[in-house]
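An overview of the molecular structure
Listed here are the chains, written in short residue letters.
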Amino acid sequence: MIAFPETILNWFCLNIVVLILFSALKPEADDDYEVVRRCLQGNREAFNELVEKYSKKIYNLAYRFVGDSEEANDLSQEIFVAAYQNLKKFRGDSKFSTWLFQIATNRGKNRFKYLKRRGHFASKGHTENDEDREGQQKTIPDHSTNPETLLAGKQIQKIVQDAINELDPDHKEIVILRDIEGFSYEEIAQMLNLPEGTTKSRLHRARMVVKEKLKRVLS
Amino acid sequence: MKECAQVGDLFGELHDGKMEVEAEKSLREHLNGCTDCREDFKWYGFTMQALTSLEQVSPPPNFMTQLEAKLYQEPQPFSFKDFFSSFFSSAPYMPLPIGVTSLVFLVVVGVVVYNHAPSGGVSSAAPVAMHAPTMRPTAESGLLAGVVGKSQPDSWQPRSVSQPTQEIPPGFSPNIQQFAMTGTQPVEKKLGTRHQAFRTVADVIGADNLTVESPSIEHAVESLKKALPNLHGQLVTEKFRDPVGERVLGVLIPSGAYGHLTSELINHGAVAVGAGSENDPPPPSRKDENTVILYIRFTHSR
C-alpha cells in the first residue's frame, strides 16, 4: 500500500489548473491561433490561408538565403511542406509565425550551406560582380558622396545580395531576419535560440562585413 | 586609433538612435573630427539603407498550385518516432508539461486504485483457464481432430476422473479440470504471485506425460518426429509395446514449446483422452529450468 497524502493530490490538482489556465490564456496573443487549430483538425483550406499569408515573406527570405528564383521557389515549398508535416508538433510555446520562420531559417541555412559547398555562389558571384562593377562605373558618378543614388540602381541589389551571400551562415541568417524581414531582436533570439546580446553583436559584425564588401566593390 | 575602433562598435546603436545622450554627443564630436570614422559611418548608413531597401521578391504565380501538389498528393509516411514524440503535444496549444502532468496523475490514480482493489485469492481454476486456450478449442468446438490428454504428474493414474470438488467455469475440458483438482502442487503455488513473469503452459500444469489416441499410430509418430526440429526438440527414446500395439516416445523439448507440441499433435490428426493405460506406465517426466523430457504414449483410438 502506497501512502498518498492529500497534500500531494492537492499539489497535482493545483498544478494542472495553473497549466490549463496558462495554456488557455497564451494563444490569445497569436493571430493565427484559430487558423492553426482548424489546420490541426484536418482543414486544408486553413493551411492554404496560412500559406497565402506567409508565402511572400517566406519566399523573400528563401530568396535572400539562396539568391536565385528557382532555388528560392524550391526552398520555400520545402519550408511549407515541412511546416505542414510538423504542424502537430507545434505546441504554441511561441507565435505560429515565429515557429514558421524558425523552420524557414533552419532550412534556408542548410540549403545555403549545401549550395555553397557545391560552388553555387562562387560561379554566380564572379560573373555578376564583374558585370555589376562595369555597370556601376557607368551609371554612378559619385557613389562615395551620394549613396542614395546608388540605391536607385538595379545593380546595387545584386551587389548587396552578393555581399550577403559571402557572409557565413550564422551572420547571414541574422541579417536576413533583422534587416530584411524586420523581426525584433527578441523574436530573432527566440527563433535562433540565442541570447539577445549575442544576436545584437552578431548582427553588428555581419553589417560591418557587408559594409566592407560594399565599400570595396563600389569604391 | 583605439578610439576609432571603439567608435565603429557603436555605429549600430547610433544608427538605431538608441544611445544615451552624453555618449551620442561624444561620438558625434569624434565623427566631426575624424574623417575616416565619418566616412565609415556614412558607409554604415549606406549599408543599412541598402539592406533594408532590398526589393521584395514575390513567389511565382503557380506557387500555390505546386505546393498543393506536394502537400496533398504525397502520402505522409507513418513514423512511430513522430507518433510517440507528438503523442502528448497533439493538441495545438497544450504545453508539454500538461501532458506529462496528466500522465503522472493517471499513473498515481492507477496505483491508488490498484492498491485499493479487493485482494481476494485467485481461484485454483482461474490460472488454468488463463493458459488453457492452447488446448481448450479442440475440446470445446470439436473442429479439430481431438485433444491431448494430460496424465498425473507423479504417477500413472487411471483415465477415469473423480467428481470435481471445486467449481470450474463451464466450457473447460474435463482433463484440465482433473489437473486443476489433483495436481501434486497447489495451482497457486505453481503460479507464484501475480507479480511474477508470464509462465508457460508446461510451467503451469507441470511437465508431464501425454497420451495420444490416434487411428494411425505410425502417422501420429511420424508427424511428431517431423515436428520436433521445428520445436527445437529431439527424440530421446522410443519404445514399442507390442502386446497392446502402443508406442512410447521420450522427447526433450524447451519448456516454452509445450503448447506448440500439443498443437502439433492435434494438427496431425492425433486424438487423445484420459491419462493412458493403467499398466506399465512410462517413466515420469523430468524438467530443469529450460527443458522438459516428456513421454508420449501413442495408442489406438477406440
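Residues numbered from 1 in each chain as written. Chains lettered and ligands numbered in written order. Predicted model: local features only at pLDDT ≥ 70, side-chain atom pairs only at ≥ 80, totals over all residues.

Let's shift gears to the pairing of strand β5 (residues 291–300) of chain B. Where a strand is regular, its side chains alternate between the two sheet faces. All names here are of chain B. Burial of β5 is extensive: 7 of the 10 residues sit out of reach of the surface. Here strand β1 (residues 210–214) runs beside β5; their pairing, made up of 5 bridges, is parallel. Counterpart to Thr211 in the pairing with β5 is Arg297. Note that strand β3 (residues 246–254) and β5 share 8 bridges and pair antiparallel. For Val248, the partnering residue across the bridge sits in β5 and is Arg297. (Buried ≥ 20, exposed ≤ 12 C-beta atoms within 10 Å, placed from the backbone. Helix = DSSP H or I, 4+ residues; strand = E, 2+ residues; numbered from the N terminus. Pairing = 2+ DSSP bridges.)

Taken together, the 42 residues of chain B in the interface contact 49 residues of chain A. Where the side of chain B that touches chain A is concerned, the elements lending two or more residues are α4 (35–52), α5 (63–73) and α7 (96–116) of chain B. Among the elements that line the side of chain B that touches chain A, the one with the most residues is α4(B), at 9 residues. Each residue belonging to the side of chain B that touches chain A can be placed in one class, and the counts come to 25 nonpolar, 14 polar and 3 charged. (Contact = placed C-beta atoms within 7 Å. Nonpolar A, V, L, I, M, F, W, Y, C, P; charged D, E, K, R; others polar.)

Residue and element names in this part refer to chain A. Between helix α4 (residues 69–86) and helix α5 (residues 96–117), the least distance of the axes is 9 Å, while the angle of their chain directions is 140°. By the angle between their axes, α4 is oblique relative to α5. Pair α4 / α5 crosses with right-handed handedness. Mapping the contact onto sequence places Glu71, Leu75, Glu78, Ile79, Ala82 and Ala83 in α4 and Leu100, Ile103, Ala104, Arg107, Gly108, Arg111 and Leu115 in α5. The residue inventory of the contact of α4 with α5, partitioned by class, reads 8 nonpolar, 1 polar and 4 charged. (Axes fitted to C-alpha atoms, helices over the stretch in contact; angles between N-to-C directions. Parallel < 35°, antiparallel > 145°, perpendicular 65-115°, else oblique. Left-handed = near helix turned anticlockwise from the far one by under 90°.)

Bringing α4(B) into the picture now. With 18 residues, α4(B) ought to run about 26 Å at 1.5 Å a step, and its terminal C-alpha atoms sit 26 Å apart, in line with that. Those residues of α4(B) that fall on the buried side of the exposure criterion are Cys37(B), Asp40(B), Phe41(B), Trp43(B), Tyr44(B), Phe46(B), Thr47(B), Ala50(B) and Leu51(B). (Expected span 1.5 Å × (residues − 1).)

Residues and elements named next belong to chain B. On average, residues of chain B score 67 in pLDDT, and 54% of them are at 70 or above. Between the elements of chain B, mean pLDDT differs from a low of 36, seen in helix α9 (residues 136–141), to a high of 89, seen in α4. The low-confidence segment residues 120–207, where pLDDT is below 50, has 130 contacts with residues more than four positions distant or belonging to other chains. Across the predicted assembly, pTM comes out at 0.49 and ipTM at 0.73. (pLDDT = per-residue confidence, 0-100.)

What follows concerns the nonpolar core. Counting residues in hydrophobic clusters, the biggest one holds 54 residues, and the most contacted among them are Ala62(A), Val66(A), Val175(A) and Leu214(A). Sort the elements by how many residues they give to this core and helix α3 (residues 44–66) of chain A lands first, with 11 residues. With sequence-adjacent residues up to four places away left out, Val175(A) is seen in contact with Ile164(A), Leu167(A), Ile180(A), Leu203(A), Ala206(A), Arg207(A), Val210(A) and Leu51(B). Core analysis: the second largest hydrophobic core is formed by 20 residues, Val221(B), Ile253(B), Leu261(B) and Ile296(B) among them. (Core = buried A, V, L, I, M, F, W, Y, C linked by C-beta atoms within 7 Å.)

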